[in-house]
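A structural walkthrough
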Amino acid sequence: QAAAGSGGHGKGSADPLSGFVAWCGQAGVELSPKVRLSREGAVAGYGLVANEELEAGQVLFTIPRTALLSQHTTAIHSLLQEAQESLQSQSGWVPLLLALLHEYTAPNSHWQPYFSLWQDFRSLDHPMFWPEEERTRLLQGTGIPEAVDKDLANIHLEYSSIILPFMQSHPTVFDPKLHTLELYKELVAFVMAYSFQEPLEEEDEDEKSPNPPMMVPVADILNHVANHNANLEYSPECLRMVTTQPIGKGQEIFNTYGQMANWQLLHMYGFAEPYPGNTHDTADIQMVTVREAALK
């Protein structure tokens, strides 16, 4: 029931969570003493749990924008900036994915304690990692197999037509033997499950394309339910997680990933919310099916 991963990357400390919390302190993240990051008390993987009773409107943590991992904060941001024209893609994710390819494999990356929380991105259990036969058989009629086929086609196209040429033009930074298509695919799943897109201002919504995705340490550890009790707020200097209702001591604190049906949650995050918890659930009927029914 959660998008949270498990384990450690292998390059971090024996206790990845304590190493990550220490990193947060150094990165300027302010975590309220009223909450704790923990496996115990979380529905799955890591989660955020209340140490004491919380009122609505309480700030749980504050993350400075310098602690966000994006195409603008990576060590290779200047390379990405120079090549931005050639890195445009249908998804708009390529610059972030190149940043992740570099930072995840660089031994001295500033972000290693963050990555240490995930040993294997396949543990996210996205349908894209399922055997094709199993995906087709178990998810027929949900729209997920078709969405995954489209994802996989786009991943292969982006890697061969954009990622590989960029890596070949920067051989001191990238190595196709290390930065493989398989790793790229796993990082796509990581971005699907954990990234955030800052909402556009209302006056920009009709004119501008969506903001590029970014990784938000700490905020991405919170699990999702439709009836969430916290929300992420954006300001020019930082991001804040704020409670939206009272929370009892020992209770898990949930964010929302949006008003998403279970098929969307499974496709994007690798989990679904047990019935009847997902008040945003829908059954989507494909227009091909509607057309076939109409012709009959």
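Rules of the game
Residues numbered from 1 in each chain as written. Predicted model: local features only at pLDDT ≥ 70, side-chain atom pairs only at ≥ 80, totals over all residues. Heavy atoms only, no water. Helix = DSSP H or I, 4+ residues; strand = E, 2+ residues; numbered from the N terminus. Rg over C-alpha atoms; globule rule 2.2 N^0.38 Å. Buried < 20%, exposed > 50% of the residue type's maximum accessible area, 1.4 Å probe, protein only. Contact = heavy atoms within 4.5 Å. Areas by Shrake-Rupley, 256 points an atom, 1.4 Å probe, with all protein chains shown as cover. Lys, Arg positive; Asp, Glu negative; His and termini not counted. Charge placed at Lys NZ, Arg CZ, Asp CG, Glu CD. pLDDT = per-residue confidence, 0-100. Pairing = 2+ DSSP bridges. Core = buried A, V, L, I, M, F, W, Y, C linked by side-chain atoms within 4.5 Å. Phe/Tyr/Trp six-rings, centres within 6.5 Å; stacked < 30°, edge-to-face > 60°. Lys NZ or Arg CZ within 6 Å of the ring centre and 35° of its normal. Salt bridge = Lys/Arg side-chain N within 4 Å of Asp/Glu carboxyl O.

- As recorded in an unreviewed UniProt entry, the protein chain goes by SETD6 methyltransferase and comes from Neodrepanis coruscans.

1. Considerations on the overall build of the protein chain
- Along the backbone of the protein chain there are nine helices and nine strands.
- In terms of overall dimensions, the protein chain is globule-like: its C-alpha atoms have a radius of gyration of 20 Å, near the 19 Å expected for 296 residues.
- With respect to the three principal axes, the spread of C-alpha positions in the protein chain is 60 × 55 × 45 Å.
- Counting the 296 residues in the protein chain, one finds 49% classified as buried.
- Residue pairs at least 24 apart in sequence account for 69% of intrachain contacts in the protein chain once pairs closer than 6 positions are excluded.
- Element-wise, carbon and sulfur atoms account for 51% of the exposed surface of the protein chain, whose accessible area totals about 14900 Å².
- Looking at charge distribution, the protein chain has the averaged site of its 16 positive side-chain charges lying 6 Å from that of its 37 negative ones.

2. As for the confidence of the model for the protein chain
- Mean pLDDT over the protein chain works out to 92, with 94% of the residues at or above the 70 mark.
- Contacts of residues 1–13 to residues separated by more than four positions or lying in other chains number 59 contacts, the stretch itself having pLDDT below 50.

3. Describing the sheet that holds strand β3 (residues 47–50)
- One open sheet holds the three strands; their spatial order is β2-β3-β9, and the pairing between them is antiparallel. In the strand order of this sheet, the two ends are held by β2 (35–38) and β9 (252–253), each with one partner.

4. Regarding the sheet that holds strand β1 (residues 30–31)
- Reading across the sheet, the four strands line up as β1-β4-β8-β7 and stay open at both edges, with antiparallel pairing between neighbours. Of all strands in the sheet, those bounded by a partner on one side alone are β1 and β7 (230–234).

5. Describing the nonpolar core
- Judged by nonpolar contacts, the single largest core of 83 residues is most densely connected at Phe20, Phe190 and Ile253.
- Considering each element in turn, this core owes the most residues, ten residues, to helix α7 (residues 181–194).
- Apart from the residues lying within four places of it in its own chain, the contact partners of Phe20 are Leu37, Pro113, Tyr114, Leu117, Pro217, Val218 and Ile221.

6. Quick notes on the packing of aromatic side chains
- The tally for this structure, following the rule as stated, stands at 18 aromatic pairs.
- Ring geometry for Tyr269 against Phe271: centres 6.1 Å apart, planes inclined by 50 degrees, an arrangement best described as tilted. Neither Tyr269 nor Phe271 differs from the other in exposure class; each is buried.
- Three or more aromatic residues link up through ring pairs in this structure, and these residues are Phe20, Trp23, Tyr104, Trp111, Tyr114, Phe115, Trp118, Phe121, Phe190 and Tyr194.
- Taking NZ or CZ as reference, Arg39 lies 4.3 Å from the ring centre of Tyr46, over its face.

7. Comments concerning the environment of Thr279
- With respect to the element layout, Thr279 can be found in the loop between α8 (262–269) and α9 (287–295).
- On the basis of relative accessible area, Thr279 is assigned to the exposed category, the value being 62%.

8. Observations concerning unusual backbone geometry
- Here the amide bond leading from Tyr275 into Pro276 is cis, since omega sits at 5 degrees, within 30 degrees of zero.
- Its identity as a non-glycine residue notwithstanding, Asp125 has a phi of 60 degrees, on the positive side.
- For Asp125, the position within the fold is in the loop between α4 (112–115) and α5 (132–139).
- The backbone of Val218 sits at a positive phi, close to 80 degrees, despite the residue not being glycine.
- You can see Val218 is positioned in the loop between β6 (214–215) and β7.
- For Val218, a relative accessible area of 1% corresponds to the buried category.

9. Brief notes about the pattern of salt bridges
- What the rule picks out here adds up to five salt bridges.
- The partner of Glu198 in a salt bridge is Arg65, and the shortest N-O contact between them spans 2.9 Å. With Glu198 in the loop between β5 (195–196) and β6 and Arg65 in the loop between β4 (59–64) and α2 (77–82), this residue pair connects regions lying 133 residues apart in the sequence.
- The partly exposed category is assigned to Arg65, whose relative accessible area is 23%.
- A salt bridge links Glu182 to Arg122, with the nearest nitrogen and oxygen atoms 2.3 Å apart. Residue Glu182 is found in helix α7, and its partner Arg122 is found in the loop between α4 and α5; the two are separated by 60 residues along the sequence.
- The class of Glu182 is partly exposed, set by a relative accessible area of 34%.
- Given the relative accessible area of 33%, Arg122 is considered partly exposed.
- Salt bridges here are not isolated pairs; linked through shared partners, they connect Arg122, Glu182 and Glu186.

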